[in-house]
Amino acid sequence: MREEKEQGTARTSPVSRRPAASFAAAGAMSRRALLPRLLVLLLTLAVWQAVARAHGSVYFPPPSRIAGRAHDLWFSGPVRHLFLTDAAVGNVLPSLGRMAAGFGIAVVCGIGLGVAVGRSRWAYALCNPVLQFACAVPPPALVPVFVVVLDFGTPMQITAIAFSAVWPVLINTAEGVRNTDPLRLDVAAVLRLHPVERLRFLLLPSAMPRIFAGLRLSLSLSLILMVFSELLPGTADGIGFTLTDAQSRSDLLTVWAALLLLGVLGYVLNTALLAVERRLLGRGRTTA
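Reading guide: rules and limits
Residues numbered from 1 in each chain as written. Predicted model: local features only at pLDDT ≥ 70, side-chain atom pairs only at ≥ 80, totals over all residues. Heavy atoms only, no water. Phe/Tyr/Trp six-rings, centres within 6.5 Å; stacked < 30°, edge-to-face > 60°. Helix = DSSP H or I, 4+ residues; strand = E, 2+ residues; numbered from the N terminus. Buried < 20%, exposed > 50% of the residue type's maximum accessible area, 1.4 Å probe, protein only. Lys, Arg positive; Asp, Glu negative; His and termini not counted. Salt bridge = Lys/Arg side-chain N within 4 Å of Asp/Glu carboxyl O. Contact = heavy atoms within 4.5 Å. Patch = residues over 30% accessible without salt bridge, like charges linked within 9 Å, V, L, I, M, F, W, Y side chains within 5 Å. Areas by Shrake-Rupley, 256 points an atom, 1.4 Å probe, with all protein chains shown as cover. Core = buried A, V, L, I, M, F, W, Y, C linked by side-chain atoms within 4.5 Å. Expected span 1.5 Å × (residues − 1). Bend = angle between axes of the 7 residues up to and from the residue. pLDDT = per-residue confidence, 0-100. Axes fitted to C-alpha atoms, helices over the stretch in contact; angles between N-to-C directions. Parallel < 35°, antiparallel > 145°, perpendicular 65-115°, else oblique. Left-handed = near helix turned anticlockwise from the far one by under 90°. Nonpolar A, V, L, I, M, F, W, Y, C, P; charged D, E, K, R; others polar.

Caption draft 1: Up close: the packing of aromatic side chains. Applying the stated criterion across every chain, the model contains five aromatic pairs. Centroid distance Trp48 to Trp256: 5.9 Å. Interplanar angle 55°. Geometry classified as tilted. Within this pair, whereas Trp48 is found in helix H2 (residues 18-55), its partner Trp256 is found in helix H11 (residues 252-281), the two being separated by 208 residues in sequence. On the accessibility criterion, Trp48 (24% relative accessible area) is partly exposed. Look at Trp256 and you get partly exposed, because its relative accessible area is 24%. Taking the centre distance of 6.2 Å and the plane angle of 70° together, the rings of Phe60 and Trp256 count as edge-to-face.

Right, dumping it as structure tokens:
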């Protein structure tokens with residue numbers, strides 16, 4: 001009996017170790033994929049540094065000076081403030097707050113309306129031309145309209161971000177719901193699932209890949225609209241205001257630092273959204 005028990009344990013232990021081995025293999029693959037990206041980034045920065053120093057132009061500073069300027073402007077504060085300076089608290093955080101508010105409104109409205117439109121062929125056929133037209137209009141072109149309607153200020157900026165970012169989420173959600181497997185819909189009808197259960201367990205999981213595709217596009221639009229709305233007259237803070245103020249003072253190093261900050265913010269936010277997508281959908285169903 002003891003020998004049989006030991007043999008059973010020996011037979012089952014490799015199986016129990018497979019999840020740990022798979023996670024270790026996935027981690028190793030991630031590290032191997034990260035190394036080429038870091039090498040390309042370092043090579044690009046090295047070439048930029050060499051070319052900028054050789055050229056010696058004030059309009060094309062090296063990345064080392066740009067990073068130093070960004071550190072002095074926004075990340076050289078006290079430890080109790082998470083190293084954030086007064087300029088970061090007064091300009092970067094308000095921009096992120098407006099972007100988060102506009103993007104959040106776009107996500108809630110886009111998913112809600114997208115599900116409603118996608119569930120009805122009649123509603124989809126009627127709304128699709130309007131949705132495609134609204135999505136095709138360049139978002140910055142709508143900002144002057146909101147200036148006239150709402151005047152300058154934070155409500156106008158949040159409204160412009162939300163209105164421009166809602167369409168990719170709405171359209172992709174409607175397409176995802178509309179392309180739900182008909183067989184699954186028949187099974188849900190046979191099981192007499194409640195509409196809320198059908199939405200939770202069938203429609204949303206089926207549409208989730210398309211929803212995240214719309215979210216990634218809307219996130220980029222939110223960042224663009226956030227900056228563009230802060231470039232307009234009447235803005236008193238924000239990253240866009242920092243750009244226009246530095247340009248008016250011919251402080252090109254600050255302009256480059258603001259551009260660097262926007263690029264880093266875009267990369268970090270997109271990476272965070274991809275991590276959430278991988279968490280919900282699985283690693284194999286997302287692409288960077």
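So, next bit.
Caption draft 2: Spotlight on the side chain of Glu175. Here Glu175 shows up in helix H7 (residues 154-178). Buried within the structure, Glu175 lacks any salt-bridge partner; its nearest side chain of opposite charge belongs to Arg178, at an N-O separation of 4.2 Å. Apart from residues lying up to four places away in sequence, Glu175 is in contact with Tyr124 and Arg210.

Caption draft 3: Here's a closer look at a nonpolar patch on the surface. Where nonpolar side chains cluster on the molecular surface, the patch consists of Leu34, Leu38, Leu41, Leu42 and Leu45 and spans about 430 Å² of accessible area. One can find Leu42 in helix H2.

Caption draft 4: Summary view of unusual backbone geometry. We note that Phe83 has phi near 65°; this positive angle belongs to a residue other than glycine. On the basis of relative accessible area, Phe83 is assigned to the partly exposed category, the value being 45%. With a phi angle near 55°, Ser250 is a residue other than glycine that sits in the positive phi range. With respect to the element layout, Ser250 can be found in the loop between helix H10 (239-248) and H11. A relative accessible area of 58% means that Ser250 is categorised as exposed.

Caption draft 5: Spatial organisation of the nonpolar core. Residues Trp74, Leu215 and Ile239 are the most contacted members of the largest nonpolar core, which totals 42 residues. Of all elements in the fold, only helix H3 (63-74), helix H4 (86-118), helix H6 (139-150), H7, helix H9 (195-230), H10 and H11 reach the threshold of two or more residues within this core. Of the residues forming this core, the biggest block, 11 residues, is contributed by H9. Here Trp74 is in contact with Phe83, Leu84, Thr85, Ala87, Ala88, Val92, Thr242, Ala257, Ala258 and Leu261, once residues within four sequence places are set aside. Leu131, Ala134, Trp167 and Leu170 belong to the second-largest nonpolar core, a separate cluster that totals eight residues.

Caption draft 6: Seen up close, helix H5 (residues 121-136). Spanning 16 residues, H5 covers 22 Å between terminal C-alpha atoms, matching the ideal 22 Å at 1.5 Å per step. At Cys127, H5 is deflected by roughly 45°, the largest bend along its length, and proline Pro129 occurs up to four residues later in sequence. Among all positions of H5, only Ala123, Tyr124, Leu131 and Ala134 are buried. Buried residues belonging to H5 abut H4 and H7.

Caption draft 7: The arrangement of the pattern of salt bridges in detail. Applying the stated criterion to the full structure yields six salt bridges. Arg98 serves as the salt-bridge partner of Glu230, at 2.6 Å between the closest nitrogen and oxygen. A residue pair is termed long-range when its members are at least 10 positions apart, and Glu230 in helix H9 and Arg98 in helix H4 qualify at 132 residues. Judged by its relative accessible area of 0%, Glu230 is buried. Judged by its relative accessible area of 7%, Arg98 falls in the buried class. Put simply, Arg216 and Glu277 hold a salt bridge, and the shortest N to O gap is 2.4 Å. With Arg216 in helix H9 and Glu277 in helix H11, the pair connects residues that are 61 residues apart, well separated along the chain. Among the ionic contacts, a cluster of salt bridges with common partners joins Arg69, Asp245, Arg249 and Asp251.

Caption draft 8: Region of interest: the confidence of the model for the protein. In this model, the protein carries a mean pLDDT of 82, and residues with pLDDT of at least 70 account for 83%. By mean pLDDT, helix H1 (residues 2-16) is the weakest element of the protein at 47, and H4 is the strongest at 92.

Caption draft 9: Expanded view of the packing of H6 against H7. Where H6 contacts H7, the two axes come as close as 9 Å, and the packing angle between them is 140°. Taken as axis vectors, H6 and H7 run oblique relative to one another. Two packed elements cross with a definite hand, and for H6 against H7 that hand is right-handed. For the pair H6 and H7, the contacting residues are Pro139, Leu142, Val143, Phe146, Val147 and Leu150 in the first and Pro155, Met156, Thr159, Ala160, Phe163 and Ser164 in the second. Partitioned by chemical class, the residues of the contact of H6 with H7 number 10 nonpolar, two polar and no charged.

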